[in-house]
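Letter by letter, the chains look like this.
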Amino acid sequence: MSEQNCLVTNDWICGEYVSSRSQELIDATVQHVGITAASVAIGVAVSLPLALLARRWRFLAGPILGVTTVLYTVPSLAMFSLLLPFFGLSASLVVTGLVLYSLTILVRNILAGLQAVPEEARDAAKGMGYGPLRLLWEVELPLALPALLAGVRITTVSTVALTTVGAIVDYGGLGSLILDGLDTTFKAQVLTASALCVLLAVVADLLLLALQRWLTPWTRVRRIRTNRPARAERPAKVAEPA
């Protein structure tokens, strides 16, 4: 009986809300995932050339990192307002803003990964006749994958949270339900949408962690070797005096 009346009593936890509004929750979740995935994918596509430019011409590293950092400090309301004349009230407005926010993490991580590639690996590849493009795709990027994927994980989790801000232009996925619930003091809607948002971030991080471990098996081997205790050496046998 209490479960049936939880909508009337406006309880925080309400199974009736989940069952009666399941399609609304699914639609909001699908929109949230779509905006997040598009933003991260475009962010990686934009960040990789920027990181390559910063690595190739070092005098560009400071300006590129500086601009991306400044973009990250712009408040979300101000960012969306600045982009509004170009994109209008659309999902493209939210995606573009999220892409700009993702650049500071992705560019730094990709650049750090590329700079950490051992020079011996580059020299060996060049000695085998690798050209610049083949060297990048078959040697440098695979070795930079741990740092790159770490940046993607951080960016994905933060983007899941920032997507909710898109509710101010009605393209916030679960954030739209949260905002509507706050406006109408609908407790069950606020809690359910917030819990789903947290669950999305956790699931996305775990999936990306599994992908990272699958794509970089050599990091696990190195970790096992590092953690393996060293064998105790036998003391040298001292020759007895004659």
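Preceding this section is the structure that the text describes.
To start, this report covers the structure provided alongside it.

About the thresholds
Residues numbered from 1 in each chain as written. Predicted model: local features only at pLDDT ≥ 70, side-chain atom pairs only at ≥ 80, totals over all residues. Heavy atoms only, no water. Core = buried A, V, L, I, M, F, W, Y, C linked by side-chain atoms within 4.5 Å. Buried < 20%, exposed > 50% of the residue type's maximum accessible area, 1.4 Å probe, protein only. Helix = DSSP H or I, 4+ residues; strand = E, 2+ residues; numbered from the N terminus. Contact = heavy atoms within 4.5 Å. Axes fitted to C-alpha atoms, helices over the stretch in contact; angles between N-to-C directions. Parallel < 35°, antiparallel > 145°, perpendicular 65-115°, else oblique. Nonpolar A, V, L, I, M, F, W, Y, C, P; charged D, E, K, R; others polar. Salt bridge = Lys/Arg side-chain N within 4 Å of Asp/Glu carboxyl O. Polar contact = N/O pair within 3.5 Å; in protein donor to acceptor, adjacent residues only side chain to side chain.

**Overview of the nonpolar core**
No. 1: If you look at the biggest cluster of nonpolar residues, it comprises 21 residues, and the most contacted ones within it are Ile110, Leu114 and Val152.
No. 2: Every element with two or more residues in this core is listed here: helix 3 (22-56), helix 4 (61-73), helix 6 (91-115) and helix 8 (132-162).
No. 3: For this core, the element with the most residues is helix 8, which contributes seven residues.
No. 4: Look past the residues within four positions of Leu114 in its chain and what remains in contact with it is Leu52, Arg55, Arg122, Leu136, Glu140, Leu141 and Ala144.
No. 5: Core analysis: the next-biggest nonpolar cluster, separate from the first, contains 15 residues, Leu174, Ile178, Ala193 and Ala201 among them.

**Some points on helix 9 (residues 174-183)**
No. 1: Of the residues making up helix 9, those classed as buried are Leu174, Gly175, Ser176, Leu177, Ile178 and Gly181.
No. 2: Packed against the buried residues of helix 9 are helix 2 (15-20), helix 3 and helix 10 (187-215).

**Some thoughts on the packing of helix 3 against helix 9**
No. 1: For the pair helix 3 and helix 9, the least separation of the axes is 7 Å and the interaxial angle reads 125 degrees. The orientation of helix 3 relative to helix 9 falls into the category oblique. Contact residues: Glu24, Leu25, Ala28, Thr29 and His32 in helix 3; Leu174, Gly175 and Leu177 in helix 9.
No. 2: Residue classes in the contact of helix 3 with helix 9 are distributed as four nonpolar, three polar and one charged.

**What about the side chain of Thr163?**
No. 1: Position of Thr163 relative to the elements: it lies in the loop between helix 8 and helix 9.
No. 2: Of the residues examined, Thr163 reaches a relative accessible area of 0% and is grouped as buried.
No. 3: Dropping the residues within four chain positions of it, Thr163 is found in contact with His32, Ile35, Thr36, Leu98, Tyr171 and Gly172.

**Quick look at the pattern of salt bridges**
No. 1: Per the stated rule, a full pass over the model turns up six salt bridges.
No. 2: The salt bridge partner of Glu138 is Arg134, with a shortest N-O separation of 3.2 Å. With Glu138 and Arg134 both in helix 8, this residue pair falls four residues apart, about one helical turn.
No. 3: The partly exposed category is assigned to Glu138, whose relative accessible area is 46%.
No. 4: The class for Arg134 is partly exposed, based on a relative accessible area of 41%.
No. 5: Here Arg153 makes a salt bridge to Asp205, at a shortest N to O gap of 3.0 Å. With Arg153 in helix 8 and Asp205 in helix 10, this pair connects stretches of sequence that are 52 residues apart.

**Here's the deal with the side chain of Arg122**
No. 1: Assignment of secondary structure puts Arg122 in helix 7 (residues 119-127).
No. 2: Its relative accessible area of 10% is what places Arg122 among the buried residues.
No. 3: For Arg122, the side chain forms a polar contact with the side chain of Glu119, separated by 3.2 Å.
No. 4: Among the polar contacts listed, one links the side chain of Arg122 to the side chain of Glu140, at a separation of 2.6 Å.
No. 5: Those residues in contact with Arg122, other than ones at most four positions away along the chain, are Arg55, Leu114, Val117, Leu135 and Glu140.

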